[in-house]
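# Descriptive analysis of the structure
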Amino acid sequence: MKASTPETRLPFRRGSVEYCLGTEADHEAVYQTLLHVFHGPDREAFLGALSDPAYRPEQRLLVKVDGRIACHAHLTEREIRYGSVTLRMNGVVWVGTLPEYRGLGFAQNLMRLADERTRATGAVVQALTTRMPRFYKPLGWGVCGRSTFGQTLSRNLPQAADGVVETKGGGWHVRPWRQVELGDLMALYDMQFQTTTGTTVRSEEYWRWLIGRRYAHVIWVACQGDAVRGYAFVKDHRILEIAADPAYPQALRALLGRVRAEALERAYPEVTINAPMDHPALDACRSVGGKVFDQDAVDGSVSMYHAPDVGRFLRAILPELSRRVQDSGTTTPVELGLTVDDHRWLIHADGKDSRVEPDKLSRRHLALSSGTFVRLAMGHVGVDEAANEDGFVASTATALDAARILFPVQPIWRSPLDAATA
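Computed from a prediction, not measured in an experiment: that's the story for all the values here. (Residues numbered from 1 in each chain as written. Predicted model: local features only at pLDDT ≥ 70, side-chain atom pairs only at ≥ 80, totals over all residues. Heavy atoms only, no water.)

Here helix α5 (residues 182-193) contains 12 residues, and its C-alpha end-to-end distance of 17 Å stays within 8% of the 16 Å for a straight helix at 1.5 Å per residue. Residues Leu182, Leu185, Met186, Leu188, Tyr189, Gln192 and Phe193 constitute the buried set of α5. Down the axis, α5 shows its buried residues gathered within 170 degrees of arc, on one side only. (Helix = DSSP H or I, 4+ residues; strand = E, 2+ residues; numbered from the N terminus. Expected span 1.5 Å × (residues − 1). Buried < 20%, exposed > 50% of the residue type's maximum accessible area, 1.4 Å probe, protein only. Arc of directions from axis to C-beta.)

Laid out in structure tokens, this is it:
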């Protein structure tokens, strides 16, 4: 079976093998399959995933052999930031096949069906975390999004006795958050990460669900009087996410001081801070002699992205591309043709007249694979690095100049809180 055409309809049966969408009746069988393949998740985590505000049973793609689930993939539904725009994303999780059915192409076919489901549901990009990038690269995926974090000795963090820092504006106090402060957390998150590509757009319902998963053992808030100016999700010696109002930098110091006190009390010699490269918490880590890591792989796992429909992806990011051209001060319009796996598009960036035209090119054009395209378009690599990848061809030097304006290198970051839920 080759599930690679938009005409594929599910369920699709070939002999004793059926490709189908999940139903509520499949949940227990899905759970048992995941236990056999991955030795997890535990039942509480599995049931918690079912309460995801965006969850629907048909997000699961299944292969059944004689009625038994042999292969599984789950497509979560999220929105992520891309500069000034948001993109609908499918997180691809729990892709696995029972040992006795491996080598039959089931997982590859499910990934092709995942592409079709993404097109059908209107999402424009997919993301996953894997230890097997070689499996996904031939399917058009590219390693995209680095793990960035800082590590420093606990005692080197800014000192703030019990989290209280005296300033001219009054005393600071750090304490566990309260349910009524959810709106403050939401506002601080958007303030801190509103321009960071890859961060998840969180609704209030999603926030409540995320906190209910209890990935952190404590959520600290830094307050000046009754006003909440910053927060930190902390798990043991790891800061999973930290945000503060830029107008109150002392809030960040107060939070780090409280984390320092707790780490020393609990005998954690080192603290890890997860944050994008341009986050002030990593600057604080550097200032006290800590190390900052920016790498593709952590413990053998990498982040990967894929754009199943390049044309739809380009139309979704077009307002951001137009903004980049305007900010660059270059003469408009900027045109760039793209040939991605034998399909052609022309980007015409010119303010309100910006457009993406299919089956067209210009004198300035690039030819590249879909994996290289998503790495370049998301900002994981610049055009000069992309030019060294297999299959990359530029028609002219001015095509490279146009690509530098449209697709600059930028941090791509997902909070560990969101990555844990895909």
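That shown, we press on.
Sheet architecture is open: 5 strands sit in the order β20-β19-β18-β21-β22, paired in mixed fashion. Either end of the sheet is taken by a strand with one partner, and the two such strands are β20 (355-358) and β22 (393-394). Here strand β21 (residues 365-368) pairs with β22 via 2 bridges, running antiparallel. Along β22, the bridge assignment pairs Ala367 with Val393. Most of the contacts of helix α9 (residues 310-328) go to strand β19 (residues 343-349), to which it runs at about 25 degrees, and overall it touches β18 (334-340), β19 and β20. The strands touched by helix α10 (residues 370-378) within the sheet are β18 and β21, with β21 carrying the most contacts at an inclination of about 125 degrees. (Pairing = 2+ DSSP bridges. Contact = heavy atoms within 4.5 Å. Axes fitted to C-alpha atoms, helices over the stretch in contact; angles between N-to-C directions.)

The next point concerns the packing of aromatic side chains. Summed over all chains, the structure comprises 16 aromatic pairs. On the basis of an interplanar angle of 55 degrees and a centroid distance of 5.3 Å, the ring pair of Tyr189 and Phe193 is categorised as tilted. Separated by 4 residues within a single helix, Tyr189 and Phe193 lie in helix α5, roughly one turn from each other. Each member of the pair, Tyr189 as well as Phe193, carries the same accessibility label: buried. Considering the side-chain rings of Tyr231 and Phe233, the 5.6 Å spacing of their centres and the 85 degrees angle between planes classify their relative orientation as edge-to-face. The burial state of Tyr231 is the same as that of Phe233; both residues are buried. Put simply, the rings of Tyr189, Phe193, Trp207, Tyr231, Phe233 and Trp413 pair up and form one aromatic cluster. Above the plane of the ring of Tyr189 lies Arg202, whose end atom (NZ or CZ) is 3.9 Å from the centre. Over the face of the ring belonging to Tyr248 we find Arg229, whose NZ or CZ atom lies 4.0 Å from the ring centre. (Phe/Tyr/Trp six-rings, centres within 6.5 Å; stacked < 30°, edge-to-face > 60°. Lys NZ or Arg CZ within 6 Å of the ring centre and 35° of its normal.)

For helix α1 (residues 27-38), with 12 residues, the first-to-last C-alpha span of 16 Å sits near the 16 Å given by 1.5 Å per residue. All buried positions along α1 are accounted for by His27, Val30, Tyr31, Thr33, Leu34 and Val37. Buried residues in α1, looked at end-on, bunch into an arc of 160 degrees, giving them a common side. Buried-residue contacts for α1 involve α2 (43-50), β3 (60-65), β4 (68-82) and β5 (85-97). His39 lies just past α1 and shows a positive phi near 60 degrees.

Moving on to the pattern of salt bridges. Under the counting rule described, the total for this entry stands at 25 salt bridges. Of the charged contacts, one joins Arg323 and Glu320 as a salt bridge, the two residues approaching to 2.7 Å between their closest N and O atoms. Pair noted here: Arg323 and Glu320 are both in helix α9, with a separation of 3 residues, about one helical turn. For Arg323, a relative accessible area of 35% gives the class partly exposed. Judged by relative accessible area, Glu320 falls into the buried class, the value being 1%. With a shortest N-O distance of 2.7 Å, Arg404 and Asp401 are connected by a salt bridge. Placement of the pair is Arg404 and Asp401 together in helix α12 (residues 397-406), with a separation of 3 residues, close to one helical turn. For Arg404, a relative accessible area of 36% corresponds to the partly exposed category. (Salt bridge = Lys/Arg side-chain N within 4 Å of Asp/Glu carboxyl O.)

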